[in-house]
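# Topology and contacts: notes
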Amino acid sequence: MDDWTEREFTTRDNERIVFYDVGNPKSEEVLLFIPGALGFAFSDYEPQINGLKEDFRILAMDPRGYGKSRPPSRDFPLDFLQREAMDAAEMVEKALEHQHTVTVLGWSDGANAGVILAAQRPDLVKRLVIWGGNSYLTQEDVDLYRAAGHTSEWGLEATKSFVDMYGAELFQDMWTAWLDTMDRILQEVPGGVICRQESTKVACPVLLMHGDQDEFIPAFQPEYFRSAIPGSLQYKSFPDGKHDLHLTYANEFNNIVRKFCLGS
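Residues numbered from 1 in each chain as written. Predicted model: local features only at pLDDT ≥ 70, side-chain atom pairs only at ≥ 80, totals over all residues. Heavy atoms only, no water.

Let us look at the environment of Phe19. Among the structural elements, Phe19 can be located in strand E2 (residues 16–23). Between the alpha carbons of Phe19 and Ser69 there is a distance of 8.4 Å; along the sequence they are 50 residues apart. With residues near it in sequence (within four places) discarded, Phe19 still touches Thr5, Glu6, Arg7, Glu8, Phe9, Leu59, Ala60, Met61, Met91 and Ala95. (Helix = DSSP H or I, 4+ residues; strand = E, 2+ residues; numbered from the N terminus. Contact = heavy atoms within 4.5 Å.)

Before going further, it helps to spend a moment on the packing of aromatic side chains. Taken as a whole and assessed by the stated rule, the structure comprises 18 aromatic pairs. Taken together, a centroid distance of 6.0 Å and an interplanar angle of 80° make the contact between Phe40 and Phe162 edge-to-face. Here Phe40 is found in the loop between strand E3 (30–34) and helix H1 (41–52), whereas its partner Phe162 is found in helix H5 (residues 156–166), with 122 residues between them in sequence. Counting every residue linked through ring pairs, the aromatic cluster contains Phe40, Tyr145, Trp154, Phe162, Tyr166, Phe171, Trp175, Trp178 and Phe216. Seen from the ring of Tyr136, Arg196 lies directly overhead, with NZ or CZ sitting 4.3 Å from the centre. Across from the ring centre of Phe238, 5.4 Å away, lies the NZ or CZ of Lys236, which sits over that ring. (Phe/Tyr/Trp six-rings, centres within 6.5 Å; stacked < 30°, edge-to-face > 60°. Lys NZ or Arg CZ within 6 Å of the ring centre and 35° of its normal.)

Turning next to the side chain of His243. Tracing the sequence through the fold places His243 in the loop between strand E8 (233–238) and helix H9 (245–248). The buried category is assigned to His243, whose relative accessible area is 9%. The contacts of His243, once residues within four sequence positions are left out, are Trp107, Ser108, Trp131, Gly132, Asp214, Glu215, Phe216 and Ile217. (Buried < 20%, exposed > 50% of the residue type's maximum accessible area, 1.4 Å probe, protein only.)

Quick look at the nonpolar core now. Within the largest apolar cluster, 58 residues are counted, with the highest numbers of intra-cluster contacts made by Leu32, Leu38, Leu59, Leu117, Leu128, Trp178 and Val202. Residue contributions to this core peak at 9 residues, all from helix H2 (residues 80–96). (Core = buried A, V, L, I, M, F, W, Y, C linked by side-chain atoms within 4.5 Å.)

What follows covers the packing of H1 against helix H10 (residues 250–262). Packing of H1 against H10 brings their axes to within 10 Å, and their N-to-C directions diverge by 55°. Classified by the angle their axes make, H1 and H10 are oblique. Here the hand of the crossing between H1 and H10 comes out right-handed. Contacts between H1 and H10 involve Pro47, Gln48, Gly51 and Leu52 on the former and, on the latter, Ala250, Phe253, Asn254, Val257 and Arg258. Broken down by class, the residue content of the contact of H1 with H10 amounts to 5 nonpolar, 3 polar and 1 charged. (Axes fitted to C-alpha atoms, helices over the stretch in contact; angles between N-to-C directions. Parallel < 35°, antiparallel > 145°, perpendicular 65-115°, else oblique. Left-handed = near helix turned anticlockwise from the far one by under 90°. Nonpolar A, V, L, I, M, F, W, Y, C, P; charged D, E, K, R; others polar.)

What follows is the structure, given as structure tokens:
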């Protein structure tokens, strides 16, 4: 991380958010990475940032309440992903001074926030790369999350960066709060909708990836994105891929992203 320039900005509601500015500052191709649940730039995207920084300028955020963007403590209102998308747009505008559009890459919660951002800000998003996301919740989705309710059972490799950042107790508390919010969305939001409407409004080219062995995302979730997104969409499946396919298959993943953005 020696060449990851740490920056920060203050949001419209006066919260401090840290992000990293990496790679070629003069590049016309800018990648914006939005992490998943509880994630931050290093925990979720270290192989991508280091693997792609020679070809792109990269902006990678620690979302509010995650990573180094603390305080404040993380909260989870029902519209927290809409807030995440707004924070990301504000970060890009301040980092780039309205001079560039970006390719958004989002995993899990970051995928959902990326869809919202692309739908709401077509002037800002030139391409969208998503994997591990879901546009709405079903009881099946929430049951899969609840089955992983105890972070102490995830294993050292899956939890080390989170425990190093938050400590074991806060990590579990944050995960429990996220799980409770998924229950609330399913119960209180009609249709358990997260970004279903926004999916139909994404106008930029999209690269959608899915691990066929994803332990959190049922196969009907990427299929909905494939049917709902109206514009150009490329789809790539990883037959043995799980939820963290970009970490397991980092080199292949990076090459796919590079080709999508730059061509062959």
